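# A structural walkthrough
Each chain, letter by letter, is given below.
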Amino acid sequence: IGSYKSKKKNIKLTKNKNILVLLSNIQEFYQLINLVKDKKNLLKYNYLIRHYPHASDKKSIIKNIIKYNLKNFNISNASLEADIKKTFVTIFSATSAGIEAINHGRVGIWVNLSRVGMNPLFDQVNNFYPSHNSEDLNKKIEKVRQMSYPKYKKVINLQQKFCEKIYSKVNANVIKKVLNS
């Protein structure tokens, strides 16, 4: 059948300190806080948090941002595309929105925020700068941040090529066939 998440858009790269964080549940947010608290160097970045749209955890996320005085954490109220335009890299764990952000032109860093290693990449995380702790995450963010534009494009192309295996383009003929059967 295919998916619209397979659609590629190359949104112009923004060189800044803004990171898009795509969450699938509140536990991933708590784990992100632990990573940032563990490695103070991670506090130099701005984190744009997109919570899972069908979850009711936005208030809890806001309470924790206030509780831990995370001035560099903001909740997104914009579209995914608008958020991608504001950031230079995407962090994700168990959500397929990470693949969508990659297909829109942002390098994806897979971070084990779920604590069970669950991911939409069918465990093929090697080309997605896997991070299992705060030190890994800091190194991977710095690596992406220091990339030249040609290197960044090379990485995006590699990640997008893999993502094509997960989400194929929408095939109207298959949809019609299913609906007519």
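Residues numbered from 1 in each chain as written. Predicted model: local features only at pLDDT ≥ 70, side-chain atom pairs only at ≥ 80, totals over all residues. Heavy atoms only, no water.

### Side note on the overall build of the protein chain
- Looking only at helices and strands, one finds seven helices and five strands in the protein chain.
- Rg of the C-alpha trace for the protein chain: 17 Å, near the compact-globule value of 16 Å for 181 residues, within the 12% margin.
- Structurally, the protein chain occupies a C-alpha span of about 55 × 40 × 30 Å along its principal axes.
- Counting across all 181 residues of the protein chain, residues that qualify as buried make up 50%.
- Once local pairs closer than 6 in sequence are excluded, the contacts in the protein chain between residues at least 24 apart make up 73%.
- Accessible area of the protein chain: about 9800 Å², with a carbon and sulfur share of 52%.
- Treating the 33 positive side-chain charges of the protein chain as one cloud and the 11 negative ones as another, the clouds have centres 5 Å apart. (Helix = DSSP H or I, 4+ residues; strand = E, 2+ residues; numbered from the N terminus. Rg over C-alpha atoms; globule rule 2.2 N^0.38 Å. Buried < 20%, exposed > 50% of the residue type's maximum accessible area, 1.4 Å probe, protein only. Contact = heavy atoms within 4.5 Å. Areas by Shrake-Rupley, 256 points an atom, 1.4 Å probe, with all protein chains shown as cover. Lys, Arg positive; Asp, Glu negative; His and termini not counted. Charge placed at Lys NZ, Arg CZ, Asp CG, Glu CD.)

### Structural notes on the pairing of strand β1 (residues 18-22)
- Within β1, four of the five residues are buried, leaving the element largely enclosed by the surrounding structure.
- Pairing analysis gives five bridges linking β1 to strand β2 (residues 46-50), with the strands arranged parallel. Following the sheet pairing, Asn 18 is matched in β2 by Asn 46.
- A crossover links β1 with its parallel partner β2, the connecting element being helix α1 (residues 26-38), and its sense is right-handed.
- Where β1 and strand β4 (residues 89-92) come together, four bridges link them in parallel fashion. Among the inter-strand pairings, Leu 22 is bridged to a residue of β4, identified as Phe 92. (Pairing = 2+ DSSP bridges. Right-handed = clockwise from strand over helix to strand, strands pointing away.)

### Let's talk about the layout of surface pockets
- Computed from the structure, the largest pocket encloses a volume of approximately 240 Å³.
- Arg 50, His 51, Tyr 52, Pro 53 and Ala 97 are the residues nearest the centre of the largest pocket, which is lined by 14 residues in total.
- Residue composition of the lining of the largest pocket, by class: seven nonpolar, four polar and three charged. (1 Å grid on protein atoms, 1.4 Å probe; cavity = no way out; pocket = protein on both sides within 12 Å on 5 of 7 lines; lining within 4 Å. Points joined across faces, edges and corners; volume = space filled by probe spheres on them. Nonpolar A, V, L, I, M, F, W, Y, C, P; charged D, E, K, R; others polar.)

### Let's talk about the packing of aromatic side chains
- Inspection of every chain in the model, using the stated rule, returns five aromatic pairs.
- For the pair Tyr 47 and Phe 73, a centre-to-centre distance of 4.8 Å together with 35 degrees between the ring planes defines the contact as tilted. Taken as a pair, Tyr 47 in strand β2 and Phe 73 in strand β3 (residues 73-75) lie far apart in primary sequence, 26 residues in all.
- Take Tyr 47: its relative accessible area is 1%, and that puts it in the buried class.
- Relative accessible area serves as the criterion here: at 3%, Phe 73 is assigned to the buried category.
- Ring pairing ties together the aromatic residues Phe 29, Tyr 30, Tyr 47 and Phe 73, which thus form one cluster.
- The ring of Phe 88 is capped by Arg 145, whose NZ or CZ atom sits 5.9 Å from the centre of that ring. (Phe/Tyr/Trp six-rings, centres within 6.5 Å; stacked < 30°, edge-to-face > 60°. Lys NZ or Arg CZ within 6 Å of the ring centre and 35° of its normal.)

### Observations regarding the environment of Lys 17
- Tracing the backbone through its elements, the reader meets Lys 17 in the segment before β1.
- Remark: the alpha-carbon pair of Lys 17 and Phe 88, spanning 71 residues in sequence, is separated by 7.2 Å.
- The residues contacting Lys 17, other than those within four sequence positions of it, are Lys 44, Tyr 45, Asn 46, Phe 88 and Arg 145.

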